[in-house]
Amino acid sequence: MLTECDVGIVGGGVAGCGTAIALRNRRPLSIALIHKAEARLFPVGETLQPQARELAEKLGILEELRRTPHLPSNGVCSAWGDSTLAYNDYLFKASGKGWLLDRAAFDLSLLDKARRGGVHIVESSYSRLDSGADGRWLLSTRNGAVIRCRFVVDATGRRSAVAAGLGVPRIRFDELHAVYALWEGRPEVFPHHTLVESVESGWCYAAALPAERFVTAYFTDKAQIKANRLTQPDRLLPLLSRAPHIGRLLSASSKLVGTRVVVADSSMLDFAGSEKGWLAVGDAASAYDPLSSLGIAKALGGSLAAAGAIDSWLGGESGEIDAYCRNIESGFDQYLAQRHHYYGLESRWKKDPFWKQRQDWIGIHPDWVLQRSGLRKKIPNRIVSSEVLEQILAAFGDEARRAHEAVRLVRGALQRRFSDYRLIQAMRYLVESGHLAVQASDGGVFGL
Ligand SMILES: Cc1cc2nc3c(=O)[nH]c(=O)nc-3n(C[C@H](O)[C@H](O)[C@H](O)COP(=O)(O)OP(=O)(O)OC[C@H]3O[C@@H](n4cnc5c(N)ncnc54)[C@H](O)[C@@H]3O)c2cc1C
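Residues numbered from 1 in each chain as written. Predicted model: local features only at pLDDT ≥ 70, side-chain atom pairs only at ≥ 80, totals over all residues. Heavy atoms only, no water.

### Here we look at the packing of helix 12 (residues 386-396) against helix 13 (residues 403-413)
As a packed pair, helix 12 and helix 13 sit with axes 9 Å apart at the nearest point and diverge in direction by 120°. In terms of orientation, helix 12 and helix 13 fall into the oblique class. Helix 13 is crossed by helix 12, and the crossing has right-handed handedness. Here helix 12 contributes Ile392, Ala395 and Phe396 to the contact with helix 13, which in turn contributes Ala406, Leu409, Val410 and Ala413. Looking at the contact of helix 12 with helix 13, its residues break down into seven nonpolar, no polar and no charged. (Axes fitted to C-alpha atoms, helices over the stretch in contact; angles between N-to-C directions. Helix = DSSP H or I, 4+ residues; strand = E, 2+ residues; numbered from the N terminus. Parallel < 35°, antiparallel > 145°, perpendicular 65-115°, else oblique. Left-handed = near helix turned anticlockwise from the far one by under 90°. Contact = heavy atoms within 4.5 Å. Nonpolar A, V, L, I, M, F, W, Y, C, P; charged D, E, K, R; others polar.)

### Describing the nonpolar core
Formed by 67 residues in total, the largest nonpolar core has its most connected members in Val7, Leu139, Phe151, Leu279 and Tyr324. Sort the elements by how many residues they give to this core and helix 9 (residues 295-314) lands first, with 10 residues. The residues contacting leucine 139, other than those within four sequence positions of it, are Gly8, Val10, Ile34, Tyr126, Arg128, Leu129, Ala145, Val146, Ile147, Cys149 and Val152. By size, the runner-up hydrophobic cluster in this structure holds 33 residues, among which are Tyr288, Leu370, Ile392 and Ala403. (Core = buried A, V, L, I, M, F, W, Y, C linked by side-chain atoms within 4.5 Å. Buried < 20%, exposed > 50% of the residue type's maximum accessible area, 1.4 Å probe, protein only.)

### Section: the sheet that holds strand 7 (residues 98-101)
Pairing between the strands of a sheet is mediated by backbone hydrogen bonds and can be parallel or antiparallel. Pairing is antiparallel in the open sheet, where three strands are placed in the order 3-7-4. Across the chains shown, the open sheet's two edge strands, defined by having one partner strand only, are strand 3 (47-48) and strand 4 (70-73). Summarising the sheet, strand 3 and strand 7 pair through two bridges and their orientation is antiparallel. Considered in strand 7, the bridge of leucine 48 is made with tryptophan 99. (Pairing = 2+ DSSP bridges.)

### Regarding the domain arrangement of the protein chain
When the domains of the protein chain are assigned, the result is domain 1 (2-69 + 98-169 + 269-344) and domain 2 (362-440). For domain 1 versus domain 2, the separation of C-alpha centres amounts to 34 Å. In this complex, domain 1 contributes eight residues to the contact, which on the side of domain 2 involves 10 residues. Taken over both partners, the interface formed by domain 1 and domain 2 buries close to 720 Å², and the fraction arising from carbon and sulfur atoms is 44%. The largest per-residue losses of area from domain 1 upon contact with domain 2 belong to Asp270, Glu329 and Asp333, which jointly make up 56% of the total buried on that side. Run the count over domain 1 and domain 2 and you get four salt bridges. (Domains from an automatic or database assignment. Buried area = accessible area lost by both parts, 1.4 Å probe. Salt bridge = Lys/Arg side-chain N within 4 Å of Asp/Glu carboxyl O.)

Spelled out as structure tokens, the structure:
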């Protein structure tokens, strides 16, 4: 079964449907969207901030938002830094209230809007991407469908399945995971606020949902979830109950429906697209820590930006996909600085590895003298791709270099430009992983 079209999109979440809708809003392109109906108990992510209203209006999906079962969201209250609750109330914001969404219903309403707008939906799982002899892409699905298209969009979330098939590295900045739990019952307190609370080895949140349900999510590093077997309710519940505010929500009448472990890391593609005719959008391009509560709005905004870049590319203009990729990268750099700031506001558990890793000063001390340590251990994709980390090491040669000289040298040696913030973080990572050895300029050894 072969479908010919202009654009093939993989992934029927907010970003995939949003891009399809935004493209069709621009002009009557032929679009096929591969959507895998997942047999999940429930999808994650429900709080939509009021600022999303403007993006929803631009995309023409305000009606879908209005019709999706939801509760009004009045804001966020958080106990972060100490156990006192602080309120960020939307009442005082110009854009009005936010939404606590039935997420499955919202994603389905976007898929339905795309279908009604003329997008051809292929119900299957994506399996591979090949480039055809005529310069077009061939997208294949598990059920044997093939889509021949000029442009491909990867909207598969953090899996970035299409980019992975193209060999594009996914760069991870941490190992954050969440145990997400769905409950039946109506929270006695905070029925219209998302509640965020920091705890000893992570943080958690709770939010009410329509139809007398609510969710809780416990965030920590992947290794902690495994070591403490937090997928088991009898291990998870005592942890949630110990959080002073969320613990109060879990009354005897709340009934646990189910739990899921989900990846919640900060990660991005090494590059989010190419002038050869593909790009990634939403979480596939770059994924933020859910503490930001920005994921859905970012997917909506990303859809509009992606559609603009694709439209220009199809019209024969060059440079728009590269510009789109640079925006993703600079947005991610800004986000990283904010993330460092927010985690830094918690000072109760400075020695706990979860907090320490997110709070440590990120930098290269001007007094450091750096040299390759000779460590042969394989380098993962961290901060930048493993290939770039190898290039940074190679730039050192066998010499010991003072910090400022090293930064200048590395910047000059790399073919690709990175922000100073990322370059310095990458060098810092090489110090922490033991690939770069540090001495003080007076010959002493620095302890990190
Ligand atoms: C625990 C947690 C809580 C969160 N809470 C919030 C929140 O309150 N507010 C907020 O704004 N954001 C939140 N987020 C983030 C938000 O959920 C994401 O940013 C958002 O869903 C991104 O949308 P997306 O379309 O890019 O990706 P996704 O929603 O992940 O959609 C990807 C789609 O691609 C499909 N797909 C994947 N692989 C294939 C394949 N091989 N073939 C076909 N289809 C495929 C999937 O089935 C899915 O439909 C949260 C995230 C986590 C992890």
